Amino acid sequence: MEYNFREIEAGRKKYWNEQQVYKVTNDTSKPKCYILDMFPYPSGAGLHVGHPLGYIASDIYARYKRLKGYNVLHPMGFDAFGLPAEQYAIETGQHPAVTTEKNIARYREQLDNIGFCYDWSREVRTSEPNYYKWTQWIFLQLFHSWYDRSQQKARPISELVAEFEKGGNINITCPADEAVEFDAVQWGNYSEKEQRDILMQYRIAYQGYAQVWWCEALGTVLANDEVVNGVSERGGHPVERKNMRQWFLRITEYADRLLTSLNTLDWSEAMKEMQRNWIGKSNGAEVRFRLSNLSPTLSKREGDVAQTNARDLSPALSKGEGGVAQARVEPGWNTADPLLYGSIKDFRKDLKNNLTEAENILWRQLKASQLGVKFRRQHIIGRFIADFVCLPKNLIIEVDGKIHEQQKEADASRTEYLAEKGFRVMRFTNEEVIADLDNVIRKIKTELTSPQSDNEVRNTSLSFGEGRGEVFIPVFTTRPDTIFGVDFMVLAPEHALVEDITTPEQKQAIDEYRQYVKSRSERERMSEVKQVTGCFTGAYAIHPLTDRQIPVWISEYVLAGYGTGAIMGVPSGDDRDHAFAKHFDIPITNIFGDKYTGEAAYSSKTGTIENSDFLTGMSIADATEAAIEELEDIGAGTRKVNYRLRDAGFSRQRYWGEPFPVMYVDDIPYGIDEPLINSDWHLGHLPVELPIVENYKPGPEGQGPLANIEDWVTTPIGQRETNTMPGYAGSSWYFLRYMDPHNSNEFASRPATDYWNQVDLYIGGTEHAVGHLLYSRMWTKALYDLGHIGFDEPFKKLLNQGMIQGSTRFVYRISDTNQFVSAGLKKHYDINPIRVDVNMVDGVELDIEAFKKWRPEYADAEFILEDGKYICGAEVEKMSKSKYNVVNPDDIVSQYGADTFRMYEMFLGPIDVSKPWDTKGIEGVHRFLKKMWRLYADEQKGWIVNDEKATDAELRILHKTIKKIGEDIERFSFNTAVSQFMICVNELSGCHKREILEPLAVIICPFAPHIAEELWHKLGNEGTVLNAAFPAYEQRFVTDNTKVYPVAVNGKTRIEMEFPIDAEQASVEKEVLANDTIQKWLEGKDPKKFIYVKGKMINVVV
RNA sequence: GCGGGCGUGGUGAAAUUGGUAGACACGCCAGACUUAGGAUCUGGUGCUGCGAGGCUUGGGGGUUCGAGUCCCUCCGCCCGCACCA
């Protein structure tokens, strides 16, 4: 009775199928464990041996957890929508549904071949209407929601409408455009379309405009990776950027939560780091630089400056308002009278540095009291300096003291002026503040919350900064501490301001430079060595703290899409700024003292700031805070957090994807679940099924193929959306559907999602690091916010499998001949290496006959052999068809069996490390299984398991193995577990005792389920081995009572000596020192120290 | 350039907390059984040396009784991001 794996595996698969042993119920009495593989896309190529690596690992873990008494959910399904199927359809005319079905069947067959314990009754496919019905439903939830920044969660859009009706959007910044402002009255007066347009700017799933790659020749929109080197991948046609209305998901609102909750996840540091990079949060400040030459009054006052810069006055100055219409207008907190600002400013600085005791106390209390509003101190309003002011509430707080005496202005004129500006003034005496601070704060609080306070704001808020006509260049910086080191500014060449600020003298140079930047393809920018280019605009900005004139440049190293598209150049502290200044001979201000050498920027984030006014002597961290505070106080900047993350494009101009449940009525998009006005009727119902199309050609104007189906697009109520959703739509929530896959009323019932909860173990490759894994986290958070599920992170533990690389085989053709030389002799010839199919090579020895038949041109090939063999060269590469190194798991399974295949994949090395596949090595594992089989059955004698009592040694090896296998599985160290099985079977050689072999069959079940099931039944058990319990090891068999110690002299191991495990140092020392060998190594010297670490080692120091 | 990971025999690798480096396999060598071996079994196999021994975890340095493991430094490879302010 030999190990006939073919018979065994076929029989056991049939048994599992018949008994439905993998069917999982939502049985809440057992602890649950949810183990998931990343959703495969069923490509036409089928699986190669690299794909199942993660599936085998999760299968082992799932079976182990089941043996440990868990209710294990371990499902599988298919991410079935996608571009390749559509591409194939365009090429062959076959419907994507047909080819997808075929590919899935093939995948399923290959997966079944390996013996996975998936509960196929829970299979989901994203392209099935009963699945994408719920993808559409979730889209509608996102469409009907907005992100409340104050509560940091998604809320129904109806609640936003209610807020608008109550108070406009005064307290709810519009995420799409901060400038959008309206009050309740205005909201009420807006038309339906205007209201819907505003709501669109708040929705989590929203419409906006985005640039897409449009290819005229193909008449279609291309994905980023379909554009290669600036032309279309297919056909090499030219492409251009085209602005199109697109759907987006407002993932940027979740940036901070996506970032912080990473800390709660058990993912690899590399994976978390990739997500952190992608989100790209940077803390800093937005600093506003005023353009120097746009204010005649200012120039007049600062006569000398105006003169030296007269030639630099930008056209915007003379053109006046027209030129700055699109520039940012001075924000509301710039309340100073521009005529007097310069002279008051210095005075203010003095005041600020010499606060009275009472002012100090009140300032600290105002900051600490969390009044919910921002106060500024020593703020300039018109001609006056207010002690404290809360601009949003138009409230001034004065503490009587030096100010009145010093300024000596008449109270009457002052109050009149402030009242005119809409301010209310509260006055406290020094004594009041010092003696009864609580009372003062209470009064301020009351004043702040009085209804009058709000009304006044609305009436007067618009009067500030209106029509001032000054141009500001906002920049984002992570290093506000270097503000005194600013020597120039750089705008992105595409920056909207460039045209307005460029002087006539510089116009030509700027135009030429901008033309140059436009001509630079992505490819050139990527491949060219870093070189400094740029152009001076002729304009100057004014340093907000020093009034210095700062030249404004443009350069391609500043990106339009990042931050504000402009930077402040600090050459002494930033490498690129330094190179820029050096290249264009811009004088460099040193703000780092000795640390800056003049040769290279000091970009380290530790050290002290020098030569920087009030920042001088502060650490970088302190200076950053102080600089931000100062900039905020004088209204030249705000603390700001910047993210690299962009909103996710959510529409594709394609056929094979989920249709949007959206309809346009009078060009306004509505969710089809929205009730029509004054009616219970809805626009439609879910799912919006994907219609059959005749062909897959794009629609007019770059629209998707659906646009061609006139009678589908046009309905009696409105026009359908013709875009489809992107590939990640269906995969962003599929893990929820497995919990309750046949539910036709909900995407999954709340009891089901509450029970199965988070995925306990998620296994997949790193390629989804920032796509799928980020989107599904966001969807989970949104569904959580809206109350549909009870957890806000989908994947608790993530395990990344490494790649299995191919091992390519080469033959060496002697140049210009049909002769091939064996690898060992190739150095004597002029040769060309040629890849050969790895399946024609046994190890490294070429099957010459197979090679001759491979290609007609090799039929007459001649070979120069070594030792009668043709030896191939080998190289590790990615496993791919084009490299002829693909190994199909089906072939391996048919030759060695699924159990051998599974164990070998695990034996190759750590699961998360990439390693090359070597078919030759599989024989070791196969031999092991045969050897194990022979413990149970003999070729001649048949079944040989007996009921003899096991020896102590046999029990020891068994229990040590039970312990190690359990521990290794828990820490996903599957390769060492396989080794332990080998050690165990080697040591049990000749043992045929049931007492040992029955537990062994159970613990190997996760790895080699077929043979385990077979042995389990042959041992006389009923039911599947999966219903057995993973045996517990007994402590007394895993702890030894003696230990063979390595005995070292001066750290070098010399001999081994055995001692009882609990031996005391004194007796050990005595015996060791008496030992002849040790004596020899001591060379008569006295030991200085005797180190005895119980259970570890012994070291004698001389 | 920045961030993360890694570097151990001919090969895949092991060493879980600082405690006998190379477990377990592949390959290779020798042998047994055999008509045969791409079956099975036994023994050997880091390098070096006749040997006692010496050397050895990418290189160099350090901490320690003791370092593959910790620290510094340099080199190389892989992954991610990349004129990211």
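The residue count restarts for each chain, going from 1 along the sequence in the order it is written. Chain letters and ligand numbers both follow the written order, the letters beginning at A and the numbers at 1. pLDDT decides what is reported in this predicted model: residues at 70 or higher carry local features, side-chain atom pairs at 80 or more are listed and counted, and totals for whole chains, interfaces and linings draw on all residues regardless. With hydrogens and water excluded, all non-hydrogen atoms of the structure serve as input to the side-chain values.

If you tally the helices and strands in chain A, you get 42 helices and 40 strands. A simple rule labels every residue: compare its accessible area, found with a 1.4 Å probe on the protein chains alone, to the largest value its type can have, and call it buried under 20%, exposed over 50%, or partly exposed in between. Among the 1102 residues that make up chain A, the fraction classed as buried is 53%. Any two residues having at least one pair of non-hydrogen atoms within 4.5 Å are treated as being in contact. Of all intrachain contacts in chain A linking residues separated by at least 6 positions in sequence, the fraction that spans at least 24 positions is 72%. Split by element, the accessible area of chain A, about 49900 Å² in all, is 49% carbon and sulfur. Comment: elements are numbered from the N terminus, with helices defined as DSSP H or I runs of at least four residues and strands as E runs of at least two. Under the convention used here, a 1.4 Å probe and the Shrake-Rupley method define accessible areas, while residue burial counts only the protein chains that appear.

Here a residue is near a molecule or strand as soon as one of its heavy atoms is found within 4 Å of it. T478, Y562, R576, L908 and R927 are the nearest of the 50 residues found near RNA strand B. Atoms of RNA strand B within 4 Å of the protein belong to the sugar or the phosphate in 60% of instances, the rest to bases. Whenever a nitrogen or oxygen atom comes within 3.5 Å of another N or O atom, the pair is scored as a polar contact, on the condition that within protein one atom can donate a hydrogen and the other can accept it, and that pairs from neighbouring residues in sequence are kept only if both atoms are in side chains. Contacts to RNA strand B include R927, whose side-chain N or O atom sits 2.4 Å from a phosphate oxygen. The contact in question runs from a phosphate oxygen of RNA strand B to an N or O atom on the side chain of R1054, over 3.4 Å. At the level of elements, α10 (269–279), β15 (472–477), α35 (922–936), α37 (974–987), β37 (1042–1049), β38 (1052–1060), β39 (1089–1093) and β40 (1097–1101) are the ones that each hand at least two residues to the surface near RNA strand B. If one sorts the elements of the surface near RNA strand B by residue count, α37 sits on top with six residues.

Direction of pairing for β37 relative to β38: antiparallel, over a ladder of eight bridges. Counterpart to T1042 in the pairing with β38 is P1060. Taking the residues between adjacent antiparallel strands as the criterion, β37 and β38 are bridged by two residues, where N1050 takes a positive phi near 55°. Should DSSP find at least two bridges between two strands, the strands are taken to pair.

All right, on to the confidence of the model for chain A then. Each residue carries a pLDDT value, the predictor's own confidence for that position, ranging from 0 to 100. The predicted model of chain A has a mean per-residue pLDDT of 83, with 86% of residues at 70 or higher. Every residue in residues 402–409 scores below 50 in pLDDT, and together they form 22 contacts with partners more than four places removed in sequence or on other chains. Here the complex is predicted with pTM 0.82, and the ipTM for its interfaces comes to 0.94.

In this analysis, a patch consists of residues with relative accessible area above 30% that form no salt bridge, clustered at 9 Å for like charges and at 5 Å for the nonpolar side chains Val, Leu, Ile, Met, Phe, Trp and Tyr. One speaks of a salt bridge when a side-chain nitrogen belonging to Lys or Arg is within 4 Å of a carboxyl oxygen belonging to Asp or Glu. We count Lys and Arg on the positive side and Asp and Glu on the negative side, and we leave His and both chain ends out. Working definition for charges: the position is that of NZ of Lys, CZ of Arg, CG of Asp or CD of Glu. Taken together, R927, K930, K931 and R934 make up a surface patch of like positive charges. Along the chain, the position of R934 falls in helix α35. The class for R934 is partly exposed, based on a relative accessible area of 45%.

A few words on the sheet that holds strand β23 (residues 668–671). With respect to topology, three strands assemble into an open sheet ordered β23-β22-β24, the strand pairing being antiparallel. The sheet is open, and its two edges are formed by β23 and β24 (719–720), each paired on a single side.

Right, let's talk about the pattern of salt bridges for a bit. The tally for this structure, following the rule as stated, stands at 49 salt bridges. Across the pair E253 and R149 runs a salt bridge, and its minimum N-O distance is 2.8 Å. Linking E253 in the loop between β9 (240–249) and α9 (255–260) with R149 in the loop between β3 (145–148) and β4 (153–156), this pair joins segments that are 104 residues apart in sequence. For E253, a relative accessible area of 11% puts it in the buried group. Taken together, the salt bridges that share partners define one network made up of R257, R777, K781, D785, D792 and E793.

Turning next to the state of the cysteines. In plain terms, two cysteine sulfur atoms within 2.5 Å form what is called a disulfide here. With the rule as written, the count across this model stands at zero disulfides. Looking at C33, it has no disulfide partner, and the nearest cysteine sulfur is the one in C117, 11 Å off. We note that C1005 lacks a disulfide partner, and the nearest cysteine sulfur, in C117, lies 8.5 Å from it. Judged by its relative accessible area of 0%, C1005 is buried.

Counting through the fold element by element, V498 comes out in helix α22 (residues 498–501). Overall, the relative accessible area of 0% leaves V498 in the buried class. For the pair V498 and G573, spaced 75 residues apart in sequence, the C-alpha to C-alpha distance is 25 Å. When sequence neighbours within four positions are dropped, the list of residues in contact with V498 reads L491, A492, P493, I510, R514 and I554.

Moving on, we come to helix α33 (residues 889–896). Restricting attention to buried positions, one finds in α33 the residues P889, D890, I892, V893 and Y896. Down the axis of α33, the buried set is contained in an arc of 165°. They therefore lie on one face. Against the buried residues of α33 lie α1 (5–19), α4 (96–113), α34 (898–907) and α35. With a side-chain oxygen lying 2.8 Å from the backbone nitrogen of D890, the N-terminal cap of α33 falls on N888. Directly after α33, the chain includes G897, whose backbone phi takes a positive value near 100°. The arc in question is the one traced by the directions running from the helix axis out to the C-beta atoms.

Attention now moves to unusual backbone geometry. Residues L686 and P687 are joined by a peptide bond in cis, for which omega reads -5°. When you line up the elements, P687 lands in the loop between β23 and α27 (710–713). Located in the positive-phi region is Q152, a residue other than glycine, with phi close to 55°. Of the residues examined, Q152 reaches a relative accessible area of 33% and is grouped as partly exposed. One non-glycine residue, D547, adopts positive backbone phi at about 65°. Relative to the helices and strands, D547 is located in the loop between β17 (535–542) and β18 (549–554). By relative accessible area, D547 is classed as partly exposed at 29%.

What follows is about the packing of aromatic side chains. The aromatic pairing rule takes the rings of Phe, Tyr and Trp, using the six-membered ring of Trp, and pairs them if the centres are within 6.5 Å, calling planes under 30 degrees apart stacked, those over 60 edge-to-face and the rest tilted. This model, assessed by the stated rule, comprises 69 aromatic pairs. On the basis of an interplanar angle of 80° and a centroid distance of 5.1 Å, the ring pair of F139 and F660 is categorised as edge-to-face. Note that F139 is positioned in helix α5 (residues 129–143) and F660 in the loop between β21 (648–649) and β22 (662–665), a separation of 521 residues in sequence. On the basis of relative accessibility, which here comes to 1%, the residue F139 falls in the buried class. Residues W247 and F660 carry aromatic rings whose centres are separated by 5.6 Å and whose planes lie at 20° to one another, so their mutual orientation is stacked. Of this pair, W247 sits in strand β9 while F660 sits in the loop between β21 and β22, placing them 413 residues apart in sequence. Taking relative accessible area as the criterion, W247 reaches 0% and is therefore assigned buried. An aromatic cluster of three or more residues is present, and its members are F139, F143, W247, F650, F660, Y728, Y775 and W779. Charge-over-ring placement is defined geometrically: NZ (Lys) or CZ (Arg) within 6 Å of the ring centre, and within 35 degrees of the ring normal. Taking the ring centre of W120 as reference, the NZ or CZ of R108 above it sits at 4.0 Å. Note that R855 overlies the ring of W854, its terminal NZ or CZ placed 4.3 Å from the centroid.

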